[in-house]
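Working through the structure, step by step
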Amino acid sequence: MLKKQTVSVVTFGCQMNEYDSSKIKGILKNHNFPIIEDYKKADVILINTCAVREKSEHKVFSLIGRLLLIKKKRNLVIGVGGCSAEVSKDYLLKHFPALDIIFTPENYPKIAQFVENALKGQRSIHEIIEDNEEVVVESMFEECGASACISIMKGCDNNCAYCIVPQARGAEISRRPETIFKEIELALKSGVKEIILLGQNVNSYQFKDITFPQLLDEVAKIDGIKRLRFVTSHPKDVSDELIHVIKQNRNICRNIHLPVQSGSDATLKRMNRGYTYGHYREIISKFKAAIPEITFSTDMIVGFPQETEEDFEKTFQAVKDINFEGIYLFKYSVRQGTDAEKMDDDVTPKEKQRRFDLILNYQREMVLKKNKSLEGKIVNVLVTDFSKKDKHKLCGRTENSKAVNFNSNGEVNINDVVDVRILAGFPNSLEGEIVKNN
Ligand code: SF4
């Protein structure tokens, strides 16, 4: 039999792209293409791109440029998929005419055919096909480890002023529950213990009359799921029913990622987020009243156009008030094609940096305090790997995603869920010792 050419998939960006890349790899494996990690050695390189920030897209373009130089010296097929393939297709065609494949998620069922064609010298530059064909790929979770991401929807119907996702991923489409359940079953068969339901705005999931809280409740009841998470939630769509479902199902992690973006109503309005800080605060209070141990992580942008010192102070106050477990903090930078591009980006880079540093330093101190306060306590850990610093130790994550390194008793395996006594808390991790296997 003729040896098949090797394929490598390079992934940029978010968990949704990681999920899509697993699917692409699974489909190609089913067509007997060997998948390799080191893209420099591959015969076919597929780049799954991210266009959320201009900086990330520039990284993608620079990689394509470098690969096209290699393509001049040896046989190499280069394909580009993901967000850039949708929002920057014309740019890609104009500036990189030697690209062999441009594909979108709708093209996944045909990806093996595109690669075969490209190997024969035929280009596949594809229009967006709205056929919504669902692909379930048996092997896509084989290398997942302890945790698997499952997409429950694609696209987004919101129009946050700074965000390019609705243009990149299109309108919101919720996947069929049967397909979601099938993928979860495959993930569990591969040894996965934690399921992360993914969507740009999971709370607005709706398939016929099935809403997100109903779907979450059904998923939580599947045997074998030790931990269940979901990202991303939009505050305007969080319901009392969702809080109730989380309370009722102990395997849903007591740590919710709920992007606040700003603590100022004026800024939230310009961002077109559709809620006030007061509303956000009310959701937090409801969660805490129902589930006292619950914690939150968030996304925040500082230096959004026309953010005054007073607006920023409100955001800083929100950080102090809510005491987040983690913050994904960003300095605003303009993204072409968004509504915010038309606004005056009037906060100077120096001022953006100052605001960023104020929140970051405060948050670091708070996290260290929290980590130190765990010393002597027992936490539940999902074992994910060997520790990077010391291969004799294992590492894992607590329910609220804190990294824990710990000495094993020799009976613990990766993917196990164990109790660990915390011996020391550091700025970014915890150190502990095993107490018992669960
Ligand atoms: S909810 Fe807003 S920030 Fe999130 S993907 Fe949709 S438009 Fe972008």
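How each quantity is defined
- Residues numbered from 1 in each chain as written.
- Predicted model: local features only at pLDDT ≥ 70, side-chain atom pairs only at ≥ 80, totals over all residues.
- Heavy atoms only, no water.
- Helix = DSSP H or I, 4+ residues; strand = E, 2+ residues; numbered from the N terminus.
- Rg over C-alpha atoms; globule rule 2.2 N^0.38 Å.
- Buried < 20%, exposed > 50% of the residue type's maximum accessible area, 1.4 Å probe, protein only.
- Contact = heavy atoms within 4.5 Å.
- Areas by Shrake-Rupley, 256 points an atom, 1.4 Å probe, with all protein chains shown as cover.
- Lys, Arg positive; Asp, Glu negative; His and termini not counted.
- Charge placed at Lys NZ, Arg CZ, Asp CG, Glu CD.
- Salt bridge = Lys/Arg side-chain N within 4 Å of Asp/Glu carboxyl O.

1. Points about the overall build of the protein chain
- Regarding its fold elements, the protein chain presents 13 helices and 20 strands.
- Whereas a compact globule of 438 residues would reach a radius of gyration of roughly 22 Å, the protein chain reaches 23 Å, a difference of no more than 12%.
- In terms of overall dimensions, the protein chain has C-alpha extents of about 60 × 60 × 45 Å along its principal axes.
- Across the 438 residues in the protein chain, those meeting the buried criterion constitute 52%.
- The long-range share in the protein chain, meaning contacts at least 24 apart out of those at least 6 apart in sequence, stands at 73%.
- Carbon and sulfur atoms make up 51% of the accessible area of the protein chain, which amounts to about 20300 Å² in all.
- With 64 positive and 61 negative side-chain charges, the protein chain shows a separation of 4 Å between the mean positions of the two kinds.

2. Looking at the pattern of salt bridges
- Summed over the entire model, instances satisfying the criterion amount to 33 salt bridges.
- Its salt-bridge partner being Asp345, residue Lys352 comes within 2.9 Å of it at the nearest N-O pair.
- Residue class for Lys352 comes out buried when judged on its relative accessible area of 7%.
- Asp345 gets classed as partly exposed once you look at its relative accessible area, which sits at 34%.
- Here the salt bridges share partners, and the residues they tie into one network are Glu307, Glu309, Glu351, Arg354 and Arg355.

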